[in-house]
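As a plain string of letters, each chain reads:
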Amino acid sequence: MIQFFFKLFSQLWNTKFKCMKSLLIAAALAVLTVSCNAQANAKDAVPQKVKESFAKMHPGVQAKWEKEDSDYEAIFRKTGKEMSVVFHEDGQLLEEETEILANQLPANALAYVSKQYPGKEVKEAAKIVDAFGKVVYEVVVAGKDLLFTPAGEFIKIVGQ
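For the structure given in this document, a descriptive report is provided here. (Residues numbered from 1 in each chain as written. Predicted model: local features only at pLDDT ≥ 70, side-chain atom pairs only at ≥ 80, totals over all residues. Heavy atoms only, no water.)

### Comments concerning the overall build of the protein
Consideration 1: Scanning the protein for helices and strands turns up four helices and eight strands.
Consideration 2: When its helices and strands are written in sequence order, the protein yields α-α-α-β-β-β-β-α-β-β-β-β.
Consideration 3: When each of the 160 residues of the protein is scored for burial, the buried share is 25%.
Consideration 4: Put simply, 34% of the contacts in the protein that link residues at least 6 apart link residues at least 24 apart.
Consideration 5: When the accessible area of the protein is evaluated, it comes to approximately 11,200 Å², of which 58% is carbon and sulfur surface. (Helix = DSSP H or I, 4+ residues; strand = E, 2+ residues; numbered from the N terminus. Buried < 20%, exposed > 50% of the residue type's maximum accessible area, 1.4 Å probe, protein only. Contact = heavy atoms within 4.5 Å. Areas by Shrake-Rupley, 256 points an atom, 1.4 Å probe, with all protein chains shown as cover.)

And the structure:
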């Protein structure tokens, strides 16, 4: 009996229902895609404690969320500047980053960039404050992220 249905299905599949075959394959792929996305979104969903911490710091501000390892980053604009904050999954603030103009960097940092990367333009600059109030400056130049102290002393290239 099973062989009969298998043979019948095979004949129908191979002959009359080519359009139906395409639709079935497309439907199966759509179901798989939606299922995978739903699982990924559930796994990366921002914990309520993180949302509450963000709302206390920046009431009424809408953010785009990204997952960084076990931490969560909110990216948003406030007072005309791009900002981001990173929280641990328990809602504890780890750092806050605020976009700044290149001329707002410490003078020694600008001098270092000019000397080490002559003719290269600062693409981005930011002030980063960690949960303990420690400040560092980030400079993106020549495809590299450089970190500096508040006095403008070079710390390191991020990722090296």
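Text resumes after the structure shown.
### Examining unusual backbone geometry
Consideration 1: Look at aspartate 69: it is not a glycine, yet its phi comes out positive at around 55 degrees.
Consideration 2: For aspartate 69, the position within the fold is in the loop between strand S1 (64-68) and strand S2 (71-78).
Consideration 3: The phi torsion at threonine 79 lies on the positive side, around 50 degrees, for a residue other than glycine.
Consideration 4: Topologically, threonine 79 is positioned in the loop between S2 and strand S3 (81-88).

### Description of the environment of glycine 119
Consideration 1: Along the chain, the position of glycine 119 falls in the loop between helix H4 (107-116) and strand S5 (122-130).
Consideration 2: Between the alpha carbons of glycine 119 and alanine 142 there is a distance of 9.8 Å; along the sequence they are 23 residues apart.

### Structural notes on the sheet that holds strand S6 (residues 135-141)
Consideration 1: An order of S1-S2-S3-S4-S5-S6-S7-S8 is seen for the eight strands of this open sheet, with the pairing classed as antiparallel. Strands at the two margins of the open sheet, each flanked by one partner only, are S1 and strand S8 (154-157). Strand-to-strand twist across the sheet, computed as the mean angle between neighbouring axes with direction ignored, equals 25 degrees.
Consideration 2: Here S6 runs beside strand S7 (residues 144-148); their pairing, made up of five bridges, is antiparallel. Bridge pairing in S7 links glutamate 138 to leucine 147.
Consideration 3: Helix H3 (residues 48-57) rests against S1, S2, S3 and strand S4 (93-99) of the sheet, and its axis sits at about 140 degrees to S3.
Consideration 4: Packed onto the sheet, H4 meets S5, S6, S7 and S8 and runs at close to 145 degrees relative to S7. (Pairing = 2+ DSSP bridges. Axes fitted to C-alpha atoms, helices over the stretch in contact; angles between N-to-C directions.)

### Brief notes about the pairing of S8
Consideration 1: Here S7 pairs with S8 via three bridges, running antiparallel. The residue bridging leucine 146 from the neighbouring strand is isoleucine 157, located in S8.
Consideration 2: Where S7 hands over to S8, the hairpin turn is made up of five residues, of which glycine 152 adopts a positive phi near 90 degrees.

### Considering the nonpolar core
When a protein is soluble and globular, its nonpolar side chains tend to lie buried together.
Consideration 1: Counting residues in each nonpolar core, the largest one holds 13 residues, and the members touching the most others are Leu105, Val113, Val139, Val141, Leu146 and Phe148.
Consideration 2: Of all elements in the fold, only H4, S5, S6 and S7 reach the threshold of two or more residues within this core.
Consideration 3: Among the elements that line this core, the one with the most residues is S6, at three residues.
Consideration 4: Ranked by size, the runner-up nonpolar core spans 10 residues in total, among them Val46, Val50, Val61 and Phe87. (Core = buried A, V, L, I, M, F, W, Y, C linked by side-chain atoms within 4.5 Å.)

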